[in-house]
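Each chain, letter by letter, is given below.
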Amino acid sequence: SAGGTDIWNTADQCRFVFKRLTGDGSIVARVDSIANTNVWAKGGVMIRETLDAGSRFAMMQVTPGSGVAFQRRLTNDVAAVGTTQAGITAPRWVKLTRKGDLLTAQHSADGVTWGDVVGAAGTTTSDTVVMAGTVYIGLALTSHAANVACTAVFSEVTTTGSVTGAWEQAEIGVDHPGNTPQRLYVAVEDSTG
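Residues numbered from 1 in each chain as written. Predicted model: local features only at pLDDT ≥ 70, side-chain atom pairs only at ≥ 80, totals over all residues. Heavy atoms only, no water.

### Considering the overall build of the protein chain
Thinking step 1. Check the secondary structure of the protein chain and you find 0 helices and 14 strands.
Thinking step 2. Since a compact globule built from 193 residues should have a radius of gyration of about 16 Å, the 17 Å found for the protein chain is in line with a globular shape.
Thinking step 3. Seen along its three principal axes, the alpha-carbon backbone of the protein chain occupies a region of about 60 × 35 × 30 Å.
Thinking step 4. For the protein chain, with 193 residues in total, the buried portion stands at 42%.
Thinking step 5. The long-range share in the protein chain, meaning contacts at least 24 apart out of those at least 6 apart in sequence, stands at 70%.
Thinking step 6. When the accessible surface of the protein chain is summed, it comes to about 9200 Å², and 50% of that surface belongs to carbon and sulfur atoms.
Thinking step 7. Of note, the protein chain has its 14 positive side-chain charges centred 4 Å away from the centre of its 17 negative side-chain charges. (Helix = DSSP H or I, 4+ residues; strand = E, 2+ residues; numbered from the N terminus. Rg over C-alpha atoms; globule rule 2.2 N^0.38 Å. Buried < 20%, exposed > 50% of the residue type's maximum accessible area, 1.4 Å probe, protein only. Contact = heavy atoms within 4.5 Å. Areas by Shrake-Rupley, 256 points an atom, 1.4 Å probe, with all protein chains shown as cover. Lys, Arg positive; Asp, Glu negative; His and termini not counted. Charge placed at Lys NZ, Arg CZ, Asp CG, Glu CD.)

Here you go:
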């Protein structure tokens, strides 16, 4: 789950679950569902240079009401750009591949046959996003609604390339709604009481 106003413009507000990628590689995931906190709530796969809110990134995402989109920030702290294909909802497979400075985004209904993002202005599948040799690779989610938690379910997450480390999470640009630090009590009882 995550809050955040968006992954867009000059700075992001999202939750990011990540590992480290050195050099070329890819990430694939199935977005099983995403709550409709806003038609532009978004969840998907992301590669980003740093954990700063204004970092360069590329993301292939699924939204609950705006379709799928390939969004990217080409320069730190500059407005992101994107290509959106309407009419597609979860469940949907998403893939992001890094080869040098070229980031390629695709989506699929079955995880086997992959398609490009076809937007109103044409097809965009790749863009040049110059990043450091070692970057962050993982899953990102934003509710596109301040102080509202959005829940998404991801499955079948796989990576290729030199991906290292345990899964970690970062709250980028915002604190997310979640559990309170108050005490919680649980009772367990079997069928005989």
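### Overview of unusual backbone geometry
Thinking step 1. For the peptide bond that leads from Ala 90 to Pro 91, omega is 5 degrees, which places it in the cis range.
Thinking step 2. Considering the arrangement of structural elements, one finds Pro 91 in the loop between strand 7 (81-85) and strand 8 (92-99).
Thinking step 3. Despite not being glycine, Asp 77 has its phi angle at roughly 65 degrees, a positive value.
Thinking step 4. Locating Asp 77 in the fold gives a position in the loop between strand 6 (68-73) and strand 7.
Thinking step 5. A positive phi angle, close to 55 degrees, is found at Glu 156, a residue other than glycine.
Thinking step 6. With respect to the element layout, Glu 156 can be found in strand 14 (residues 152-172).
Thinking step 7. On the basis of relative accessibility, which here comes to 52%, the residue Glu 156 falls in the exposed class.

### What about the state of the cysteines?
Thinking step 1. Counting across every chain of the model gives 0 disulfides.
Thinking step 2. The cysteine Cys 14 is free of any disulfide, with Cys 150 supplying the nearest cysteine sulfur at 12 Å. (Disulfide = S-S within 2.5 Å.)

### Considerations on the pairing of strand 3 (residues 14-34)
Thinking step 1. Here strand 3 pairs with strand 14 via 16 bridges, running antiparallel. When the bridges of strand 14 are listed, Ser 33 appears paired with Val 153.
Thinking step 2. The sheet contact formed by strand 3 and strand 13 (residues 134-142) spans 8 bridges and is antiparallel. Along strand 13, the bridge assignment pairs Phe 16 with Ala 140.
Thinking step 3. Across 7 bridges, the pairing between strand 3 and strand 8 is antiparallel. Among the inter-strand pairings, Val 31 is bridged to a residue of strand 8, identified as Arg 92. (Pairing = 2+ DSSP bridges.)

Geometric descriptors of this kind do not, in isolation, establish any biological role.
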